[in-house]
Amino acid sequence: ITEDVSASDTLCFIRVGGKDTTTFSMAVDGSDVSGSLNWVPYEKDSRVGTWKGKKNGNIIKGTWYYMQEGMNDSLAIDFMLDGDKLRQKKTKFDETVGREVLDENSGYELVYDRTTCE
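The rules behind each value
- Residues numbered from 1 in each chain as written.
- Predicted model: local features only at pLDDT ≥ 70, side-chain atom pairs only at ≥ 80, totals over all residues.
- Heavy atoms only, no water.
- Disulfide = S-S within 2.5 Å.
- Helix = DSSP H or I, 4+ residues; strand = E, 2+ residues; numbered from the N terminus.
- Buried < 20%, exposed > 50% of the residue type's maximum accessible area, 1.4 Å probe, protein only.
- Pairing = 2+ DSSP bridges.
- Axes fitted to C-alpha atoms, helices over the stretch in contact; angles between N-to-C directions.
- Phe/Tyr/Trp six-rings, centres within 6.5 Å; stacked < 30°, edge-to-face > 60°.
- Lys NZ or Arg CZ within 6 Å of the ring centre and 35° of its normal.

**Comments concerning the state of the cysteines**
Under the criterion given, the structure shown has one disulfide. Each disulfide pairs two cysteine sulfurs, and for Cys12 the partner residue is Cys117, the sulfurs being separated by 2.0 Å. Of note, the bridge from Cys12 to Cys117 carries an S-S torsion of about 115° and is right-handed in sense. Remark: Cys117 occurs in the segment after strand E10 (110–115) and Cys12 occurs in strand E1 (residues 10–17); sequence separation between them is 105 residues. Assessed through its relative accessible area of 10%, Cys12 is described here as buried. Of the residues examined, Cys117 reaches a relative accessible area of 39% and is grouped as partly exposed.

Below you can see the structure in the form of C-alpha cells.
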C-alpha cells in the first residue's frame, strides 16, 4: 500500500498488544478519508468510534470521535501507510489541558498489520 491507494479502496488494519486490540478501517474518497477506530483494552473501558481526516501521500491526519465510559470525546490522530503496515503516532497526557493529546514529537511507533475487512 503506497500513496496510490485508489479512490474506492477500503483498508483495514489490526494491532494486538498483549491482550489489548485496536482495529482501524479507512475508506478513501480522493484526499478525504474516514472510517472506524476501536481501542479495546483487556478488562478496561474501550474507546469505540469513527474518524475523519485528510490523506496527503502516505500520511493520514484527522480527528477520532469516540465514546468511553458513556462520554463522547475526540482526539487528533496521525497515521502513516507503510507497505502492508499502518503506523500511528502516540498520544500523551497534557497536564496543562488535563487530557490526552497527540504527541506531535512522537515517531510513528504503534504498528498495525493489514487485515481483511469484515
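**Description of the sheet that holds E10**
With antiparallel pairing, eight strands are arranged side by side around a closed barrel as E1-E2-E3-E4-E5-E6-E7-E10. For this sheet, the mean angle separating the axes of adjacent strands, direction not counted, is 30°. As paired elements, strand E4 (residues 47–56) and strand E5 (residues 59–68) share nine bridges and run antiparallel to each other. Along E5, the bridge assignment pairs Asn56 with Ile59.

**Observations regarding the packing of aromatic side chains**
Under the definition given, this model contains six aromatic pairs. Plain terms: the ring middles of Phe24 and Trp51 are 5.1 Å apart, the flat faces sit at 20° to each other, and that makes the pair stacked. Linking Phe24 in strand E2 (residues 20–29) with Trp51 in strand E4, this pair joins segments that are 27 residues apart in sequence. By the burial criterion, Phe24 is buried, and Trp51 matches it. Between the aromatic rings of Phe24 and Phe79, the centroid separation amounts to 4.5 Å while the plane-to-plane angle is 45°, which identifies the pairing as tilted. Here Phe24 is found in strand E2, whereas its partner Phe79 is found in strand E6 (residues 71–82), with 55 residues between them in sequence. Put simply, the rings of Phe13, Phe24, Trp51, Phe79 and Tyr112 touch in pairs and so form one group of aromatic residues. Lying across the ring of Tyr42, Lys19 places its NZ or CZ 4.4 Å from the centre.

**Some points on the pairing of E10**
Direction of pairing for E1 relative to E10: antiparallel, over a ladder of three bridges. Bridging from a neighbouring strand, Cys12 pairs with Thr115 of E10.

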